[in-house]
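If you want the building blocks of each chain, they are given just below.
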Amino acid sequence: MSDSEEDGQERQLKVVLIGDGASGKTSLATQFAQEAFGKQYKQTIGLDFFLKRITLPGNQNVTLQVWDIGGQTIGGKMLDKYVYGAQGVLLVYDITNSQSFENLEDWYSMVKKANQESDIQPVIALVGNKTDLEHMRMVKVDKHQRFCQENGLISQFVSAKTGDSVFLCFQRVSAEILGIKLNKAEMEQSQRVVKADIVNYSQETVARTVNPPRSSMCVVQ
Ligand SMILES: Nc1nc2c(ncn2[C@@H]2O[C@H](COP(=O)(O)OP(=O)(O)OP(=O)(O)O)[C@@H](O)[C@H]2O)c(=O)[nH]1
């Protein structure tokens with residue numbers, strides 16, 4: 001193989017998302033890979049895959065194979081196999097749900113168990129999701145930071161809904177896996193992804209007047 005062909009070879013990294021059901025793993029993966037967010041909750045049965053190519057500093061292209069693992073798989077036979085060989089793990093919880101944080105102990109133990117025979121240990125990030133709901137926060141930032149310090153984890157807060165810090169989260173994990181250092185400017189650039197829903201009030205008012213919402217209709221027979 002020529003040098004140029006070899007240079008063209010890209011790294012593929014396996015990154016798994018685990019954590020309680022409804023903590024927002026699918027939403028994070030969808031926001032990262034497709035830049036989309038759906039409000040409707042659809043439970044992941046087993047697992048889903050997403051692929052996304054990113055460029056890290058130094059023009060290093062890398063394809064992330066994102067494994068979105070359903071929250072109900074905890075305690076199941078397949079979970080070890082899904083996590084085995086992952087270079088990156090995102091331990092995801094919902095900052096408005098303390099139980100989802102408490103349960104991370106179990107998820108984390110399972111990751112350690114799945115990789116105990118492996119030579120390479122994954123880079124692990126603790127990801128507090130739903131920061132757009134800061135006013136409903138139930139898990140103190142202190143608790144989050146302590147968990148990271150005690151276990152040597154990357155710490156990240158994100159909102160899969162607004163997209164805030166989602167790219168940054170995957171970028172930091174990938175860079176750490178490949179031993180690439182991100183500088184402050186690069187981190188800040190990846191953070192600033194804030195989206196807002198645009199509501200067209202004039203059209204909404206017209207639509208509501210012509211077609212009242214179904215839920216408000218009443219049929220008496
Ligand atoms: N406000 C807000 N809602 C979110 C956010 N992320 C996810 N959600 C909502 O939380 C619910 C659960 O999200 P999912 O992404 O399906 O959760 P999951 O962790 O994949 O759930 P399982 O498939 O059961 O493991 C959905 O209704 C999402 O719209 C967020 O950042 N902010």
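In the annotation of an unreviewed UniProt entry, the entry for the chain reads Ras-related protein Rab-28, and the organism field reads Electrophorus electricus. Turning to the chain, the UniProt record has this under Catalytic activity (unreviewed entry): "GTP + H2O = GDP + phosphate + H(+)".

Colleague: I'd love a proper account of the side chain of Thr 30, names of residues and values included.
Modeller: The residue Thr 30 is located in helix α2 (residues 25–34) in this model. If we skip the residues at most four places from it in the chain, Thr 30 touches Glu 35, Ala 36 and Phe 50.

Colleague: Quick rundown of the site of the ligand? Include the residues and the values.
Modeller: The environment of the ligand is made up of 24 residues, and the closest members are Lys 25, Ser 27, Tyr 41, Thr 44 and Gly 71. The separation between an oxygen atom of the ligand and a polar side-chain atom of Thr 26 is 2.8 Å. Contacts to the ligand include Lys 161, whose backbone N or O atom sits 3.1 Å from an oxygen atom. Top contributing element to the shell around the ligand by residue count: α2, with 3 residues. Here the shell around the ligand is composed, by residue class, of 5 nonpolar, 13 polar and 6 charged.

Colleague: Account for the packing of α2 against helix α7 (residues 166–178), naming residues and giving values.
Modeller: Between α2 and α7, whose axes approach to 9 Å, the crossing angle comes to 90°. For the element pair α2 / α7, the angle class is roughly perpendicular. Of the residues in α7, those touching α2 at Leu 28, Gln 31 and Phe 32 are Val 166, Phe 167 and Phe 170. Here the residues of the contact of α2 with α7 sort into 5 nonpolar, 1 polar and no charged.

Colleague: Outline the sheet that holds strand β1 (residues 11–18), listing residues and values.
Modeller: What holds strands together in a sheet is hydrogen bonding between their backbones, with the strands either parallel or antiparallel. Strands sit in the order β2-β3-β1-β4-β5-β6 across an open sheet of 6 strands; the sheet is mixed. Looking along the sheet, the strands with just one partner apiece sit at the ends: β2 (47–56) and β6 (154–157). Within the sheet, the average angular offset between the axes of one strand and its neighbour, ignoring direction, is 25°. Here β1 pairs with strand β4 (residues 88–94) via 4 bridges, running parallel.

Colleague: Which residues make up unusual backbone geometry, and what are the values?
Modeller: In this structure, Glu 35 takes a positive phi of about 50° despite not being glycine. Within the secondary structure, Glu 35 is located in the loop between α2 and β2. Since its relative accessible area comes to 55%, Glu 35 is described here as exposed. With a phi angle near 65°, Ser 165 is a residue other than glycine that sits in the positive phi range. Along the chain, Ser 165 turns up in the loop between β6 and α7.

Colleague: Help me get a handle on the pairing of β2, residues and values and all.
Modeller: Note: β2 against strand β3 (residues 60–69), 10 bridges, orientation antiparallel. Counted as the bridge partner of Phe 50 is Val 66 from β3. Where β2 hands over to β3, the hairpin turn is made up of 3 residues, of which Gly 58 adopts a positive phi near 85°.

Colleague: Hey, could you go over the pattern of salt bridges for me, with residue numbers and the actual values?
Modeller: Pairs can form between side chains of opposite charge once their charged atoms are near each other. This structure, assessed with the given rule, holds 5 salt bridges. For the salt bridge of Lys 113 with Asp 80, the shortest nitrogen-to-oxygen distance reads 3.7 Å. Here Lys 113, found in helix α5 (residues 104–114), pairs with Asp 80, found in helix α3 (residues 79–83); they are 33 residues apart in sequence, far enough to count as distant. Judged by its relative accessible area of 48%, Lys 113 falls in the partly exposed class.

Conventions and cut-offs
Residues numbered from 1 in each chain as written. Predicted model: local features only at pLDDT ≥ 70, side-chain atom pairs only at ≥ 80, totals over all residues. Heavy atoms only, no water. UniProt positions renumbered as here; feature names shortened; annotations may be inferred. Helix = DSSP H or I, 4+ residues; strand = E, 2+ residues; numbered from the N terminus. Contact = heavy atoms within 4.5 Å. Near = heavy atom within 4 Å. Polar contact = N/O pair within 3.5 Å; in protein donor to acceptor, adjacent residues only side chain to side chain. Nonpolar A, V, L, I, M, F, W, Y, C, P; charged D, E, K, R; others polar. Axes fitted to C-alpha atoms, helices over the stretch in contact; angles between N-to-C directions. Parallel < 35°, antiparallel > 145°, perpendicular 65-115°, else oblique. Pairing = 2+ DSSP bridges. Buried < 20%, exposed > 50% of the residue type's maximum accessible area, 1.4 Å probe, protein only. Salt bridge = Lys/Arg side-chain N within 4 Å of Asp/Glu carboxyl O.

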